[in-house]
Structure formats: C-alpha cells, structure tokens
Amino acid sequence: MLLDKIEKANDIKKIDKSDYGELAEEIRQFLIEKISVTGGHLGSNLGAVELTMALHLALNLPEDKIIWDVGHQSYTHKILTGRKDGFDVLRQFHGMSGFPKRKESDYDAFDTGHSSTSISAGLGLVKARDLKGEKTTIVSVIGDGSLTGGMAYEALNNAAKLETNFIVVLNDNNMSISENVGGVSKYLNNIRTATGYLDLKEGIYNALKRKPGGDGIVNSIRRAKSSFKQLVIPGMFFEDMGVTYLGPVDGHDIEGLIKVIEEAKRVKGAVLVHVITQKGKGYGPAEKHPARFHGAEPFDIETGIPSHPRTVANYTDVFSTVMCKLGQRDERVVAITAAMPDGTGLKRFRNMYPDRFFDVGIAEEHAVTFAAGLAAGGMRPIVAVYSSFLQRAYDQILHDVCIQNLPVVFAIDRAGLVGSDGETHQGIFDYTYLSGIPNMHICAPKNKWELSDMMKFAVALDAPIAVRYPRGTAYAGLAEHRAPIELGKAEWIAREGGIALFAIGSMVKTAEEVQKLLHEKGYKASIINARFIKPIDEEAVLSACEDHEMIVTMEENVQSGGFGEKVLDCLNDHEKRIKCVMAAIPDAYVEHGNVELLKKEIGLDAESITEKILERL
C-alpha cells in the first residue's frame, strides 16, 4: 500500500504523481475504517483529502505552517505527518486528539477547536515571520461555514493591509459563494498571478508611489480596474477588501491545487484561494447525509448506521420536544441557533414554526444581541447553544441582554464534561462566567422532567435566565420528586442529618450514589437538589447547618467562581462554622476521553467524592 510509505512528514513528496489518486483513495478508506470504530469527524475529512495532500506537496513543513479553522478536518494532515497509528485511540483518554494540538506535534502550528479563528491566528504568524525576517509560507484553511463568523471578516479586513504573502484557503463544500463565471475568470487569474505580471504591477505601483501625488494615481488605477473585474470575477467581494482572489478551483484535482497554491505563494499580500470540495466524498452514506457524519458515532461501514443506536432520549431530545410545546402554547416564543439546528435539537421547531426559527450562522455574538432585540420587541427568544460556544458571546450577554434585563432564555446544551472533543469543547466554565453578571439567573435540572419544567419557568420569567443541561442520556430517576420550580429555591430529596449533599444539575444523580456509599460506611446523608446557582437558596443552606455536621457541594463546573464558592460565601456572610467539602472540576483544562474516565481522573466520580468526604470527617 502507498499509505505504508507515509511514516513521517514530507514522505508524500516521494510518491509518484501518477499515484496521487490511489493514495487519496487509500487515505479515505483508512479514515472510514478507523472512524467507524472510534467515532469522529468523518464527512469534513473525506472532503479535504486532496486539498491536504496538495498543501503538503506544495509546502515545506514544519517551516511553512498550516492553520486549520476549527480543526476537525485535519485528520489527513495527521496521517501525512506520521500519526496514522494514533487513529486506533483517536479522541480517547490519553490518545490522539481529534483537533490540531501543538503539544502533540510540531506540525500542528496552532491549536483550534472553535470556528472563524484561523485567519486571525495566521495573520499573527505572518507578522511574527516578517518581524523575524523569515521567508516561510503561512496558510489558513477555513470552511465556508466558518466564514459566517464575523471574526473571519475582521481578520480579512486587517490582512488586506499586508504587503507580504499570506494565503487563505477557502474550503467551500456547500457552494455558498458564487460559482465560477467561466473562462474569463480563469484567464484573469492566470494573468494576475503570472510572475511577469506581478513583477510589472509591483514595479509600476512602487514607481508611481514615489512621485508627488502617486498614492492618488495608484488608487485611481485600482478603482478603474475594479469596474471591469466586478463583471467577470466571482471573488470581487474579497478583491474590494484588498484581498487577491483566485478560483474557484476543483478541490479534488491535486495537480491543479498544487499549481494554484504555487501561484498564490507569489502574491505580495493576502490572497484567498477558493476551493470547491464535496463533504463526505468517496463514502456514499456520508455524501447523502453529510450532517449525520459531521461528528459520527461508531458505525457499520456497509450501511452507515450507528453501531449502537440510541434507544433512550437524551437531554437534547427532551429540549426539542419541550420547544415544540412551548411554540404551540405561546406565539411569542422564537428559537435562535448559531448554525446548529440539529445539534441543539431545534430541527423539529424549525419544521413546525419556520417563521419563528432563526439560524444566524456561526455567529454567537450576533445571535445573542439579535435575541436581545427580539426580546425588546416583545418576543420570548430562546438561544439554544453549546456551553463552550456561548463563551464567545460574553460581552453581548452582559452588555445587550443583562444590563437591560431583557427576557432572553439561554438553553445551554453540552454543559459539563462532553468527552471526546477535549479542552475546547468541555462545557465547564458557564456557571463561572455567567454568575458574575447582574440580572442573570442560572438553573440546572436533575432529570428530564425538571428540564421541561425549568424551560417553562424560564419562558415565563421576565428576566435573563440560563438553563444548563449536559450531553448524553436524560436521567429518568427521581421521577417522584417534582416540586414546582420557584426562583432560587432548592428541593430536598432526602433529609437524614449528618452530611448534607448539595448537588446541582447532573451531579444530583452522583449524589444518590455518594449517599449509598456513605450509608455503607455507616453515615447519614441528606440530598438537596440545589436547582439554582444564581440565586442560590440561602435558606436551605442555613437550614442544613442546624442538623448537619458537614456540607458537600457538587457541581460539574470549575471550582473557581462556581456553585461551591457561592455556598461558602453564604456561610461566611452568616458566620456559620461547619465543615465544607467542594466537589468540582479543578482549575485546569480537561483533555478528551470517555466522560466516566475523566470524572474519575479529576475526582468527580462518586467513589472519589466519598473518599474526600471521609477524609474530612
């Protein structure tokens, strides 16, 4: 096999040109076989095989650098840099990450995980290169979806000022930018990147600039050129920003890609290469259902069907059902997502109420301020978003929603440990970054019924509120405990005295396990479902001090600024002296891996919490 010859970076340059197509197919088959076992991002990687090969053939890594936007499409890059053995433990604890990691390889130039960051990072690397007097090539690879994020345009606007080379590859797998208008575009691209033309243009512009009034003459020439180019070049939007546009180019033609990359390397300034690819290419089920294979669970290769189909509803499913009911009961309810209608469970709401559903693209900042405007206009907006992505809209939450005390509901999915995607996707900071904002309210359900009740409560509340729930199967226990939701009020599940287990959200289930372990050791333990982190139920905390010798707080959030610290503040404010134990995530980023393994590693499983309690007694 040709793939066996790829043992380290730049080995691809030893492959004969006539074998490029065969190598591409071997890579695709390798990815399908490995990801069918481990799970991972399949569709995007199948679409970027030839593009990645061309970049590795045209560049000299690691001196030259590639920055992958989001990074989920970097699997072929990992193969070509000698990491194919790592795919057996892809996204597993202590295994290979599904995203670029500088600590994993010198060939990963920049850590990514979230959208629309690659051009900014690439521009920073370009400036660092220029300041050091180096002559390397910097390439940022960004998808058409990521171009819906405003940060990408902020970076392009800044990059337009460059007078040194910086290549941005637009990996367009959805045809969201205008198609090629034919031979004239190809002809102009060839002329504008030909060595003679570039040298002549640069010489003329530099000569004119040295003359009195030369800058004005140069600007007039550029304006005159653009009037004709507007008619024939599909990338005039980028050209008008001052970024040279090349393309569209067939993203599965390796030699054509190499040629255009070599042309782009000669441009003195920022240049955008528009590449058209097919998501899921080479695997029928992924071509037909690209969204399903964006982040795939293990699957049967022949059918594409998941190896372990879900039979029990997860929290996203519960949210999806509740949203449809809320939409039916209240015409003011509107739903907003930042390019994730499937992932957040809003697809059904979109189908039922298309006029009240808004997908704003990968633009969390805009989503939140847009929601604020809807709320100011009398609607009841619900922003469905993953915890780690809501971080990007912090200023908008504070400035546009909470200062005005607008009734925006934040339905925060993937809160807590999410597992396989690692540091960039663990939703472990939202209690901390939201609880410091005046007018914000935060709650978390213990089970699937409480999520439903909290969403109804949230829509009725005339103030900002976040409802936080985890990834995975919705807990169906404690069904008999369904006290009405009251703002800032906890729910006593069991009151025995001894040790008071104050747990919030997903940790209530863990508190049941801790209680059982304590019983086995001969200790009494109460369970309190805290429900709210802001405001906390101070009355319940103070009441626990009367007949308990220890308070234990349990949360799936970092300890700093979290629920436990709120309880400690309450005890200090009321001068209560009682033993306290905080079970929370330490002040550190948590790597990828199975959630249960991660909890044990960081001391957040029932056994570790029980051991910590016993040490303090």
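Criteria and cut-off values
- Residues numbered from 1 in each chain as written.
- Predicted model: local features only at pLDDT ≥ 70, side-chain atom pairs only at ≥ 80, totals over all residues.
- Heavy atoms only, no water.
- Patch = residues over 30% accessible without salt bridge, like charges linked within 9 Å, V, L, I, M, F, W, Y side chains within 5 Å.
- Areas by Shrake-Rupley, 256 points an atom, 1.4 Å probe, with all protein chains shown as cover.
- Salt bridge = Lys/Arg side-chain N within 4 Å of Asp/Glu carboxyl O.
- Helix = DSSP H or I, 4+ residues; strand = E, 2+ residues; numbered from the N terminus.
- Lys, Arg positive; Asp, Glu negative; His and termini not counted.
- Charge placed at Lys NZ, Arg CZ, Asp CG, Glu CD.
- Buried < 20%, exposed > 50% of the residue type's maximum accessible area, 1.4 Å probe, protein only.
- Pairing = 2+ DSSP bridges.
- Core = buried A, V, L, I, M, F, W, Y, C linked by side-chain atoms within 4.5 Å.
- Contact = heavy atoms within 4.5 Å.
- Arc of directions from axis to C-beta.
- Axes fitted to C-alpha atoms, helices over the stretch in contact; angles between N-to-C directions.
- Parallel < 35°, antiparallel > 145°, perpendicular 65-115°, else oblique.
- Nonpolar A, V, L, I, M, F, W, Y, C, P; charged D, E, K, R; others polar.
- pLDDT = per-residue confidence, 0-100.

**Regarding a nonpolar patch on the surface**
A cluster of nonpolar side chains, namely Tyr394, Leu398 and Ile403, defines an oily patch on the protein surface of about 260 Å² accessible area. As for its position among the elements, Ile403 is in the loop between α17 (394–402) and β9 (409–413).

**Describing unusual backbone geometry**
Along the chain, Gly247 connects to Pro248 via a cis peptide bond; the corresponding omega equals 0°. The phi dihedral of Asn10 is positive, around 75°, even though this residue is not glycine. You can see Asn10 is positioned in the segment before α1 (20–38). Its identity as a non-glycine residue notwithstanding, Arg531 has a phi of 65°, on the positive side.

**As for a positive patch on the surface**
On the surface, Lys325, Arg329, Arg348 and Lys456 cluster together into a positively charged patch. Structurally, Arg329 is set in helix α13 (residues 315–329). The class of Arg329 is exposed, set by a relative accessible area of 57%.

**Overview of the pairing of strand β16 (residues 548–558)**
The buried fraction of β16 amounts to 10 of the 11 residues, a majority that puts the element mostly inside the structure. Pairing geometry for strand β13 (residues 498–503) and β16, over six bridges, is parallel. Bridge pairing in β16 places Ala503 opposite Met554. Pairing between β16 and strand β17 (residues 579–585): six bridges, direction parallel.

**Some remarks on the nonpolar core**
If you look at the biggest cluster of nonpolar residues, it comprises 60 residues, and the most contacted ones within it are Phe319, Met323, Ile382, Met455, Leu501, Met554 and Ile613. Discounting chain neighbours no more than four positions away, the residues touching Met455 are Phe319, Val322, Met323, Leu326, Ile382, Val409 and Val467. Counting residues in hydrophobic clusters, the runner-up holds 53 residues, among them Ile15, Leu23, Ile32 and Ala264.

**Thoughts on helix α24 (residues 606–616)**
Burial in α24 covers these residues: Ala606, Ile609, Thr610 and Ile613. Seen end-on, α24 carries its buried residues on one side only, within an arc spanning 100°.

**Side note on the packing of helix α5 (residues 118–131) against helix α6 (residues 150–159)**
Interaxial distance between α5 and α6 falls to 7 Å at its minimum, and their mutual angle equals 30°. Comparing the axis directions of α5 and α6 gives the class roughly parallel. Contact residues: Ile119, Ser120 and Leu123 in α5; Met151, Ala152, Ala155, Leu156, Asn158 and Ala159 in α6. Among the residues making up the contact of α5 with α6, the classes are represented as seven nonpolar, two polar and no charged.

**What to know about the confidence of the model for the protein**
Residues at a pLDDT of 70 or more form 90% of the protein, whose mean pLDDT is 91. Predicted confidence for residues 175–193 stays below pLDDT 50, and this span has 40 contacts to residues more than four positions away or in other chains. Predicted confidence is poor over residues 225–232, with pLDDT under 50, and the contacts of this stretch with residues over four places away or in other chains come to 14 contacts.

**Details of the pairing of β9**
The buried count for β9 comes to five of five residues, which makes it a mostly enclosed element. On β9, burial covers both faces: Val409, Ala411 and Asp413 on one face and Phe410 and Ile412 on the other are all buried. Bridge count for strand β8 (residues 380–386) against β9 is five bridges, and the pairing is parallel. Its bridge partner lying in β9, Val385 is registered against Ile412. The sheet contact formed by β9 and strand β11 (residues 465–468) spans four bridges and is parallel. Its bridge partner lying in β11, Ile412 is registered against Arg468.

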